[in-house]
Amino acid sequence: MASETEPETSYEEAPFAEEVITTIPVKVHIVAPSTLPEGYVFDAEVGPSGHKRTVTVEVPPGGVVEGQIFLAALPPDFGDNLPQVNIPTGRWKDGLFDVFNEGFFHPSLWCAFCFTQVGMGQLMQRLRLNWLGQAGDDESARISFKVVLCLVVCYTVFTICLEIAEAANYYYNIPAYIPVLKFIGGLLFTIYSIISLMRVRESVRAKYSIPENTRFAGCEDVVYSACCSCCVVAQIARHTGEYETYKGSFCSETGMVAGTPQIV
């Protein structure tokens, strides 16, 4: 007679995607002090100016040359006993089009949609990137917002001056150089905006180990930056801001209120 008790099994139901918890370290940009072979270990200072800490770094496969910038994982206890902005790793905090997650009147939303390049400049300053969206030395990262703001102001003045010059003439008397200058100026500013934002997004994904969308594998950053730059700026701002704890700001170089901990 068969036993009524069911046989034991080692099978366990797999957790849902939302239940999987992984610890992915934050990465930081390191400038190679000299040409070094792969596997070489040395101490490097990381963090914002005035708050640097020493970490042990291992040279990645292939080695590095002097001045080369590479990414290295921070130790799990790096931020212990220090105030810090908690930023998710391994995934985006929310979706590209979740622009109202922080509320309809949040500064990050309006900066991204009304002053996209200014919002991009705030992100560069927050992430300590230079005005081209690349990792660099502390001095170039310290003035990135000012440089971007200057570019935006100069382009705006340039455009207004051309509009005034155009309005001062009848349509058939407009000098040929005015449309040409408008086209060239607009093209150069657009190219700069797309490339710089693409680099900012690439840096965020690399720093926080966020994989690409398989639909746009290899070109996701440039596609999103070109087609929906305001949404990209807003998403990166939400991801790196922890607005649940620290308030956003319209009129600051990082888009955060004074006293917000700096991102390593």
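Owing to the predicted nature of the structure, the values given are computational and were not obtained by experimental measurement.

*Asks:* Explain the overall build of the protein here, please?
*Replies:* Looking only at helices and strands, the protein features seven helices and four strands. For the protein, the sequential pattern of α-helices and β-strands runs β-β-β-β-α-α-α-α-α-α-α. Relative to the compact-globule value of 18 Å for 264 residues, the protein shows a C-alpha radius of gyration of 23 Å, a clear excess of over 25%. Taking the principal axes of the C-alpha coordinates as reference, the protein spans close to 105 × 55 × 35 Å. Classification of the 264 residues of the protein by burial places 38% in the buried group. Sequence-distant contacts, at least 24 apart, represent 67% of the contacts inside the protein between residues at least 6 apart. A total of about 15900 Å² of accessible surface is found on the protein, and carbon and sulfur atoms cover 60% of it. If you average the places of the 17 positive and of the 29 negative side-chain charges in the protein, the two averages end up 10 Å apart.

*Asks:* Sorry, what's going on with the environment of Thr56 here?
*Replies:* Tracing the sequence through the fold places Thr56 in strand β3 (residues 53-58). Its relative accessible area of 53% is what places Thr56 among the exposed residues. Taking C-alpha positions, Thr56 is 34 Å from Val148, a pair spaced 92 residues apart along the chain. Beyond its immediate sequence surroundings of up to four residues, Thr56 is in contact with Val41, Phe42 and Asp43. A distance of 3.1 Å separates the side chain of Thr56 from the side chain of Asp43, its partner in a polar contact.

*Asks:* Can you help me understand unusual backbone geometry in this one?
*Replies:* For residues that are not glycine, phi is negative in most cases, and the peptide bond is trans in most cases. With phi around 50 degrees, Ser209 is a residue other than glycine that occupies positive phi space. When you line up the elements, Ser209 lands in the loop between α5 (177-207) and α6 (220-227). When its relative accessible area of 24% is taken as the criterion, Ser209 is described as partly exposed. One non-glycine residue, Glu242, lies in the positive phi region at around 45 degrees. Position of Glu242 relative to the elements: it lies in the segment after α7 (229-241).

*Asks:* Before we go on, may I ask you to explain the pattern of salt bridges in this structure?
*Replies:* Side-chain pairs of opposite charge can arise where the charged atoms are in close proximity. Overall, the coordinates contain eleven salt bridges when judged by the stated rule. A salt bridge links Arg128 to Asp138, with the nearest nitrogen and oxygen atoms 3.5 Å apart. Note that Arg128 is positioned in the loop between α2 (116-126) and α3 (138-142) and Asp138 in helix α3, a separation of ten residues in sequence. Note that Arg142 and Glu139 form a salt bridge whose closest N and O atoms lie 2.5 Å from each other. You can see Arg142 and its partner Glu139 sitting in helix α3, three residues apart, about one turn around the helix. Using a relative accessible area of 47% as the deciding quantity, one classes Glu139 as partly exposed. Via salt bridges that share partners, Arg201, Arg205, Glu212, Glu220 and Asp221 belong to a single interconnected network.

Rules behind the numbers
Residues numbered from 1 in each chain as written. Predicted model: local features only at pLDDT ≥ 70, side-chain atom pairs only at ≥ 80, totals over all residues. Heavy atoms only, no water. Helix = DSSP H or I, 4+ residues; strand = E, 2+ residues; numbered from the N terminus. Rg over C-alpha atoms; globule rule 2.2 N^0.38 Å. Buried < 20%, exposed > 50% of the residue type's maximum accessible area, 1.4 Å probe, protein only. Contact = heavy atoms within 4.5 Å. Areas by Shrake-Rupley, 256 points an atom, 1.4 Å probe, with all protein chains shown as cover. Lys, Arg positive; Asp, Glu negative; His and termini not counted. Charge placed at Lys NZ, Arg CZ, Asp CG, Glu CD. Polar contact = N/O pair within 3.5 Å; in protein donor to acceptor, adjacent residues only side chain to side chain. Salt bridge = Lys/Arg side-chain N within 4 Å of Asp/Glu carboxyl O.

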